[in-house]
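# Summary of structural features
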Amino acid sequence: MKTLLSIALLCLIALAGLPEVSANEISGPKTRWLSHATQLERQQNWSALLALGHHWTRSEPENATAWFALGRAYSKIQRYPEAIAAYRRNLQLAPGDVHAMNNLGNVLRDSRMPREAMLAYRDAVWLKPDYAEAWHNLGLSFFALKGAAGVSQALQQLHTSDPKLAAAWRELAIEYSLSRDQRVAQKAIDVLRGLDNEERRRMFEILFSQI
């Protein structure tokens, strides 16, 4: 299974408009950085990944994946301000990196910044509507911030606009948050990822007006 670092590299290749390549087709120092970082992540050797991330970002300061690796290491040792800064630099270099957006949301959430976390998750699902993990995190964060009563109040307003969306969001933000049943979440995500841009914009406008 590809690690997040490997996925991030492939995303950056796609964003640059280059053909996708397999790992054994890439050669040179950049591959060695990525290979080493991926190995350290598999080993969960976060202190070594942190050291590598510092060297990598100094060697290739315009490489978004290097900053992704540094953010990953900082987040795992709970140095959240540094992780936030690294992921934000990643996103300056690769604005469409939804994996960095999701990870940034996780770090903001763990830093007790739930609204900012929700904005990061929202940006991720806006760019990639089928990104299930970011939808999960968005629903969990909304429930954690508002509680069942607060979510219900927001859903009442959403229901007047679109009952189908209100039902899907109830499954994601309340039922999934309480049960952690992936089947419940998937039903909601199947609806939410099928929204067009205007429907998604209207839903987020209503929900975010509540926080």
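Use the structure listed above.
In this text the structure is predicted, and so the values were computed from the model without any measurement.

Each helix and strand counted, the protein has 11 helices and zero strands in total. Listed N to C, the secondary structure of the protein is α-α-α-α-α-α-α-α-α-α-α in terms of helices and strands. Taking all 211 residues of the protein together, the buried fraction comes to 47%. The long-range fraction of contacts in the protein, counting pairs at least 24 apart against all pairs at least 6 apart in sequence, stands at 56%. Accessible surface for the protein amounts to roughly 10,600 Å². Of this, 52% is attributable to carbon and sulfur atoms.

On to unusual backbone geometry, then. Positive phi outside glycine occurs at Gln44, with the angle close to 55°. Mapped onto the elements of the fold, Gln44 is located in the loop between helix H2 (29–43) and helix H3 (46–59). Unusually for a residue other than glycine, Gln78 sits at a positive phi of about 60°. Within the secondary structure layout, Gln78 lies in the loop between helix H4 (64–76) and helix H5 (80–93). On the accessibility criterion, Gln78 (58% relative accessible area) is exposed.

With 64 residues, the main nonpolar core has Trp135, Leu138, Leu158, Trp169, Leu172, Leu192 and Met203 as its most contacted residues. Of all the elements, helix H8 (residues 132–161) adds the most residues to this core, at 10 residues. Discounting residues that sit within four places of it in the chain, Trp169 has contacts with Trp135, Leu138, Phe142, Leu155, Leu158, Ile174, Leu192, Met203 and Leu207.

Calculation criteria
Residues numbered from 1 in each chain as written. Predicted model: local features only at pLDDT ≥ 70, side-chain atom pairs only at ≥ 80, totals over all residues. Heavy atoms only, no water. Helix = DSSP H or I, 4+ residues; strand = E, 2+ residues; numbered from the N terminus. Buried < 20%, exposed > 50% of the residue type's maximum accessible area, 1.4 Å probe, protein only. Contact = heavy atoms within 4.5 Å. Areas by Shrake-Rupley, 256 points an atom, 1.4 Å probe, with all protein chains shown as cover. Core = buried A, V, L, I, M, F, W, Y, C linked by side-chain atoms within 4.5 Å.

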